[in-house]
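As a plain string of letters, each chain reads:
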Amino acid sequence: MSWSGNAARAVVVASLAAVSVAAQGVHPQFGLGGGLTAPVGDYHSTAGGQGFSTAWHALALLAFKLPVLPVGIRVDVSYGSNGANNTLKDSLTNRVGAPTDEKTKLAGASVNLTYQSSSAARVKPYAIGGVGVSTSGSTTDRAATKLAWNLGGGLTVALRGVALFFEARYVNVAAVSGFPRTTFLPFTTGIRFGGP
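Predicted, not measured: the structure shown is a model, and the values here were computed from it. (Residues numbered from 1 in each chain as written. Predicted model: local features only at pLDDT ≥ 70, side-chain atom pairs only at ≥ 80, totals over all residues. Heavy atoms only, no water.)

Peer 1: What's the story with the nonpolar core in this structure? I'm lost.
Peer 2: In a soluble, globular protein the nonpolar side chains are often hidden away together inside. Tyr43, Phe52, Ala84, Leu106, Ala148, Val171, Val173 and Phe184 form the largest nonpolar core, which has eight residues in total. Filtering out sequence-adjacent residues up to four positions away, Ala148 remains in contact with Gly130, Val131, Gly132, Val133, Ser134, Asn172 and Val173. Formed by six residues, the second largest nonpolar core is a distinct cluster that contains Leu59, Leu61, Ile128 and Phe165. (Core = buried A, V, L, I, M, F, W, Y, C linked by side-chain atoms within 4.5 Å. Buried < 20%, exposed > 50% of the residue type's maximum accessible area, 1.4 Å probe, protein only. Contact = heavy atoms within 4.5 Å.)

Structure below.
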């Protein structure tokens, strides 16, 4: 059984567990966000300078705060797309003989643990980390689903019945055959409904 198959099963099981927790009186929080994804490592630029540029991403989340504890569970679903940098475009154009562009599309799902400051302040820092799967594909190749992990942090700003959040994470997706690991920094701003 593949790593990605096991990871996908883990995401489904964790999501079902989160729904079970909600049934026991823990109120869910829903959120939406978006921002920029900055490729790093070989995904940004190989030794030859070929890579991908900063672009956009979107995020939807379902979060559960465990009673009495500062620890929570968050399930994220994300989608983004990065375009080729000029060096990669030039290389592809020379290879094909006509102007050519390349884009990668990343769709992911992850189950994360969050740890938020228990202070009564309106602005609270938090840490987040988890595992999941990411399906990446390009305009010229088939998509592949691989195991991914992430680690980061952010701030929430409590308002009436909602919370704004700002976060940055490091995401590492296992390499697809013939390509380097996909590593990137998503910077996200969004809103969460259901309390801070």
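Peer 1: Can you walk me through the pattern of salt bridges in this structure?
Peer 2: Side-chain pairs of opposite charge can arise where the charged atoms are in close proximity. Tallied over the full model, the rule gives four salt bridges. Among the ionic pairs, Asp76 bridges to Arg74, the shortest N-O distance being 2.8 Å. For the pair shown, Asp76 and Arg74 are each scored as buried. Here the residues in one salt-bridge network are Arg74, Asp76, Glu167 and Arg169, joined through shared partners. (Salt bridge = Lys/Arg side-chain N within 4 Å of Asp/Glu carboxyl O.)

Peer 1: Mind showing me how you'd approach the side chain of Glu167 here?
Peer 2: Among the structural elements, Glu167 can be located in strand S7 (residues 162-173). Here the side chain of Glu167 touches Tyr126 through a polar contact of 2.5 Å, side chain to side chain. What Glu167 contacts, discounting residues up to four positions off in sequence, is Leu59, Arg74, Tyr126, Gly153, Gly154, Pro186, Phe187 and Thr188. (Helix = DSSP H or I, 4+ residues; strand = E, 2+ residues; numbered from the N terminus. Polar contact = N/O pair within 3.5 Å; in protein donor to acceptor, adjacent residues only side chain to side chain.)

Peer 1: Would you explain the pairing of strand S1 (residues 28-40) in this entry?
Peer 2: Moving residue by residue along a regular strand, the side chains alternate between the two faces of the sheet. Strand direction decides the pairing type here: S1 and strand S2 (residues 55-65), joined by ten bridges, are antiparallel. For Gly34, the partnering residue across the bridge sits in S2 and is Ala58. Relative to strand S8 (residues 182-193), S1 runs antiparallel, the two being bridged by eleven bridges. In the strand pairing of S8, Gly34 is matched with Thr189. (Pairing = 2+ DSSP bridges.)

Peer 1: Looking at this structure, how should I read the pairing of S8?
Peer 2: Alignment of S7 against S8, held across ten bridges, turns out to be antiparallel. Note on S8: the bridge partner recorded for Ala163 is Arg192.

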